[in-house]
Amino acid sequence: MIDDLELLRLIENNARLSSEEIAVMLGTTAADVEAEIKRLKDENIILGYNTIINWEKQAPDNCIGMIEVRITPVKNKGYDHIAQILSKYDKVTACYLMSGGFDLMIIYEDRTLRDIATFVTEKIATMEGVLSTTTHFILKKYKANGIIYDNPNTDDRQAIIL
Amino acid sequence: MSFDYDSKISKAVQQVPPSAIRKFFDLANEMKGHVISLSIGEPDFVTPWTIREAAINSIIDGYTHYSPNSGYIDSRVAIADYLKRRYGVSYDAKTEIFITVGGSEGLDLAARALINPGDEVIVVEPCFVAYKATVEFAHGVPVIVETKPENNYKLMPEELEAAITDKTKYVIVGYPNNPTGAIMTLEDWAKIKDVLMRHPEIIVLSDELYCELNYLDGKPASLTQFAELRDRVVMVNGFSKSYAMTGFRVGYLAGPHELIAPMVKIHQYCIMCAPSTSQLAIIEAAMNADDEVKKMRDEYNHRRRVIVQGLKDAGLECFTPYGAFYAFPCIKSTGMTSEEFCEKLLIEKHVAIVPGNAFGKCGEGFVRISYAASLDDIKEAMRLVKEFVEEHKKG
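Basis of the calculations
- Residues numbered from 1 in each chain as written.
- Chains lettered and ligands numbered in written order.
- Predicted model: local features only at pLDDT ≥ 70, side-chain atom pairs only at ≥ 80, totals over all residues.
- Helix = DSSP H or I, 4+ residues; strand = E, 2+ residues; numbered from the N terminus.
- Buried ≥ 20, exposed ≤ 12 C-beta atoms within 10 Å, placed from the backbone.
- Contact = placed C-beta atoms within 7 Å.
- Domains from an automatic or database assignment.
- Nonpolar A, V, L, I, M, F, W, Y, C, P; charged D, E, K, R; others polar.

## Let's talk about the overall build of chain A
So, step 1. Secondary structure assignment for chain A yields 6 helices and 6 strands.
So, step 2. The order of helices and strands in chain A, counted from the N terminus, is α-α-α-α-β-α-β-β-α-β-β-β.
So, step 3. Dimensions along the principal axes, computed over C-alpha positions, put chain A at roughly 65 × 40 × 25 Å.
So, step 4. Here chain A holds 162 residues, and the buried ones make up 15% of them.
So, step 5. Long-range pairs, those at least 24 residues apart, make up 53% of the contacts in chain A between residues at least 6 apart in sequence.

## Re the domain arrangement of chain B
Residues and elements named next belong to chain B.
So, step 1. Domain annotation of chain B identifies domain 1 (11-46 + 292-394) and domain 2 (49-288).
So, step 2. Inter-centroid distance (C-alpha atoms) of domain 1 to domain 2 is 25 Å.
So, step 3. The interface of domain 1 with domain 2 comprises 32 residues on the first partner and 34 residues on the second.
So, step 4. At the level of secondary structure, the elements contributing two or more residues to the side of domain 1 that touches domain 2 comprise α1 (11-14), α11 (290-313) and β9 (326-327).
So, step 5. Counting residues per element, the side of domain 1 that touches domain 2 draws most heavily on α11, at 6 residues.
So, step 6. By residue class, the composition of the side of domain 1 that touches domain 2 is 21 nonpolar, 7 polar and 4 charged.

## As for the domain arrangement of chain A
So, step 1. Split by domain assignment, chain A resolves into domain 1 (4-42) and domain 2 (55-140).
So, step 2. Inter-centroid distance (C-alpha atoms) of domain 1 of chain A to domain 2 of chain A is 34 Å.

## With respect to the environment of E390(B)
So, step 1. Here E390(B) lies in helix α13 (residues 375-394).
So, step 2. Along the primary structure E390(B) and G315(B) are separated by 75 residues, whereas in three dimensions their C-alpha atoms are 8.5 Å apart.

## Quick look at the interface of chain B and chain A
So, step 1. Taken together, the contacts link 19 residues of chain B with 11 residues of chain A.
So, step 2. Put simply, the parts of the chain that give the side of chain B that touches chain A at least two residues each are α2 (22-31) and α11 of chain B.
So, step 3. The element that contributes the greatest number of residues to the side of chain B that touches chain A is α11(B), accounting for 5 residues.
So, step 4. Residue composition of the side of chain B that touches chain A, grouped by class: 8 nonpolar, 6 polar and 5 charged.

Below you can see the structure in the form of structure tokens.
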């Protein structure tokens, strides 16, 4: 029997492990691992596999905006309608319904500040039901997706310890 | 005329031989940085952040003085809570627990507090190197019981029984075991308890530094859990291995007041107290770090299975370890001694592991492989070990 949570935590931290490797680590067979992963995909529990990239190193001009959006809920559809439309844009990398002083938090990635400003003014602000927006720009990433950026990888342990 | 130093050094110290494999250690240390090291008996994880933060805060708050000899009462209460929660055993924080400088100080204090010259102490090998040495430094006579791979390196009741004489003062057991990775379940301990019940004069020193690193059910199992033995079992424990806190140098002894008090007496004259910073850090460890420990345990467990599979693929026999972070495969099929195997592996493949004879004579023919290392390093090392074994089989 595979422990779902153990399997998910394992591949959440390293999506590149092969079924064979996972099978050894969990003490089961590759066929069982594959069957379980298929089930978790079918149930939309596993949604996809990403690579975590430090884009600041590779493409320093990349720009990320966090956009707070206040909206009027649409009759019968609540907040979902506007959220679903905004989620369709590829460059929207996250969209959350929030508690507190605004309703939706949109994370939007593009090349320049101007690109983000254009998206906010032309696409979001003009939507029916949108009351106001506030845009924040990310200046530097210290930690994202549970990973600390620029984490020195040192092992200062003695060569042999009994 | 040169000064005769040898005549000045205590005989008890002189009779403990320097580690027989010193040469190998030096070689490995010289090569550090160019080798994959699976020879390290400490966690590769950094201490969980909230524990480090508690240490930092204790300094900010000015806790930079001596603590009471036995340790801060809050720290001892936290340990008592932990033992109640994880072992289901109650100790009085004031009189039955005190804080030491790592588990090692506990081993030393027990030897000095209990042994009269000539007393016998049963040492279960293969084991951590300090057991025998602390007994010898204290003028005791170690009596070795050799555990066997065919018994999964468990201590067998008949083996213990056979080693007991009327000079036996105490027995040192260390499970989950360094270097074999063996564990004792509560059922296994029950059989040892039966032997001890027939010998009501014998004390037990139980080294449980690896207690949280049990991959069978994730729970500590210990002789302390038998109420019948409560008046003569002393637990040596600490945070080094389970909580990745080796550098904090903080551990504890728990047991009946009558046995603990003389150990505190030595401690108060020789050590004064464990480092205050470390004592305050362990409150956070004992109270709030169960999740962090579980995370580390799960990761060790994954690596353990990779190592066991890797050894099997390499054609080396290995009993399945269920504790600590070691595997102890047999290398006799290669025709090499433990030291030859390790030295050649280091020179030819740049993989460092430890010869089994470092942990007692019966460790000859075996090697200790630590999986307190990254998964990538473990996989690469296993690939190299396989290559090495194949090359030396052909030759």
